[in-house]
Each structure stands twice: as structure tokens, then as C-alpha cells.
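# Chain and residue survey
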Amino acid sequence: IGKVDFLFTANYHFSKKYKNFLECETKNIGFFRNNQFSYKSKKIDKNTLTYISQYRNDIKHEHNVSMPDEKILKFLNEYTFKYDKKLNILARPKGPLTKLSNEEELLNFCKKELQYKNWEIYSEMTNNQGRSHSNYIKGINSEVIVTIDSTLGYELLARNKRVAFFCIRDWGGHHLKFGYPKKLKDNGSFWSNNYDVKKYEIILDYLFLNSDKSFYGKNKKIINDISFLDKKNKIFKKTIKNLINGK
């Protein structure tokens, strides 16, 4: 077993898991970058569905990244066409070892394989500090968000956004189910750990029929348990201050 002085984690369940192999104190703070970003949507883009792509051409064969994204995208393309929604696709930034960017390769797939032309790809913009928060803004302004298991999906859930989790990815022999490491049932009102397009359609219908406020009200117990927002990282800052002062 290893030893560290202090460990900040996303939630209680990660703290519990780390304590299995680390001797440490822990504090649950949610997601640091998400906490630090302050933004309030002025207007939700109605009839928009935003998919958070994790399509990475540098590790797709090793960790089964491309195939799940492709299957989900084909379903979303058909669903959004059927119900007259716009499909926004958020691409990952370019990897350091790739010739084509993730956006370019994803674009090639979409042009070739998506039957309906109701989609648009957005890449995360950068600024002089590096990555910006453009994908956060696009997600916050969307009516419904879909992800497989991205951190951004959990961060938007912490902001009480309507997020669907279709957790079908195999990370090198490890199926990362919704809410990991908390153990939950395989299907819920806004998630599924199985590839089942009928279940997906039920979940998306449910999310579009509810507002962000009513969605959170009906699901706040599970949302707060796995993903929460600590605005301006107040818990982190207070903990660091206490540690410095020996409290």
C-alpha cells in the first residue's frame, strides 16, 4: 500500500476506492476544472442534441474507442432526423502522435457513414492559456447531451444538464459502467450500460420531455452522489488554507 498526505477526488466513491491501496486523507471536490469555470446560459438552443465524441485515432484499436462512437453516432443521426433535432458533435483535440486530427478523422467517418446531413462537428477552441471552455459552453447551451463515458458528460451532469450515458466502451478488457466506481444497476432513467437502441430512444424521449430543472428534481439523489459542482473550488481552497495553517 502506498502513502500520500492528501488526495482530492471527484466523489466519495473514488475516495473509498483509492483508500484500498493508498494510506491518505481525502476530500471530495467534484471536478476541479469544471468548478473553476463560471458561465450561465442565456438561452438554451431548442431541439439540439450534442454528442461528446471520444473518437481518438491514436488509441482506437487498443482500447476500442472508435467502434462504440460510430455505433452511437449512427443511432443519434437516425434519432435526430426522425424527431427533427439538430445533432452537434464535439470532437476531441488532436493527439500528439497522430497525422490526422481527431476532428478530421471523425469528419471523414460522418461524411461516409451518416445517412442524414443534420449534423455539425465542433472542435474545442484554444487560447493563449491552452484549452478553452468552448465545449463546456456548447454543452451548457444544448437541450440534451449524450456521451459514452466522458468526464465532460459528468461535469455537465454536475451542472444539472440533461445528459444521457450510453456506457458500452471496453477499456482494454474493463467495461467502465455508468457512475463508476459506484455500483449501480445497468439501466436507469438516463443511462444504459448495454447497446440497446430501443432503450436509448426511451431515455432521449424522457430527457427531451423534461426541463433541466425537472430532470434534476427527479434524479438529484443519484446526480449529487456521483457528480457535483463546487463553484470556484471553495472546498479545495478552504482545505489547502487549513492544511497550511495546520488545522
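Our subject is the structure that appears above.
Below, the structure is looked at part by part. All values reported here derive from a predicted model rather than from experimental measurement.

Cut-offs applied
Residues numbered from 1 in each chain as written. Predicted model: local features only at pLDDT ≥ 70, side-chain atom pairs only at ≥ 80, totals over all residues. Heavy atoms only, no water. Helix = DSSP H or I, 4+ residues; strand = E, 2+ residues; numbered from the N terminus. Contact = heavy atoms within 4.5 Å. Areas by Shrake-Rupley, 256 points an atom, 1.4 Å probe, with all protein chains shown as cover. 1 Å grid on protein atoms, 1.4 Å probe; cavity = no way out; pocket = protein on both sides within 12 Å on 5 of 7 lines; lining within 4 Å. Points joined across faces, edges and corners; volume = space filled by probe spheres on them. Nonpolar A, V, L, I, M, F, W, Y, C, P; charged D, E, K, R; others polar. Expected span 1.5 Å × (residues − 1). Buried < 20%, exposed > 50% of the residue type's maximum accessible area, 1.4 Å probe, protein only. Patch = residues over 30% accessible without salt bridge, like charges linked within 9 Å, V, L, I, M, F, W, Y side chains within 5 Å. Salt bridge = Lys/Arg side-chain N within 4 Å of Asp/Glu carboxyl O. Lys, Arg positive; Asp, Glu negative; His and termini not counted. Charge placed at Lys NZ, Arg CZ, Asp CG, Glu CD.

Helix and strand content of the protein: 10 helices and 10 strands. Here the analysis covers contacts within the protein between residues at least 6 apart in sequence; of these, 62% occur between residues at least 24 apart. If you sum the accessible surface of the protein, you get close to 13,600 Å²; carbon and sulfur atoms cover 52% of it.

Empty space within the second largest pocket amounts to approximately 450 Å³. Contributing to the lining of the second largest pocket are 21 residues, with Tyr39, Lys40, Arg159, Leu229 and Lys231 lying nearest its centre. Sorting elements by how many residues they give to the lining of the second largest pocket places helix α9 (residues 212–226) first, with 4 residues. Class assignment for the residues of the lining of the second largest pocket results in 9 nonpolar, 6 polar and 6 charged.

Let's shift gears to helix α4 (residues 66–82). Look at α4: 24 Å from first C-alpha to last across 17 residues, which is about the 24 Å you get at 1.5 Å a residue. Listing the buried residues of α4 in full gives Ser66, Pro68, Asp69, Ile72, Leu73, Phe75, Leu76, Asn77, Tyr79 and Thr80. Positioned one or two residues after α4, Asp84 has a phi angle of 55°, which is positive.

Bringing the side chain of Asn34 into the picture now. Here Asn34 shows up in helix α2 (residues 32–36). In this structure, Asn34 is in contact with Tyr136, Glu155, Ala158, Arg159 and Leu229, ignoring residues within four places of it in sequence.

A cluster of like positive charges, contributed by Lys40, Lys231, Lys232, Lys234 and Lys237, occupies part of the molecular surface. Following the sequence through the fold, Lys231 ends up in the loop between α9 and α10 (234–244).

With that out of the way, let us pick up α9. Its 15 residues place the ends of α9 only 17 Å apart at the C-alpha level, less than the 21 Å of an ideal helix rising 1.5 Å per residue. Those residues of α9 that sit buried are Asp212, Phe215, Asn219, Ile222, Ile223 and Ile226. The elements touched by buried residues of α9 are β8 (142–147), α7 (151–158), β9 (163–166) and α8 (197–209).

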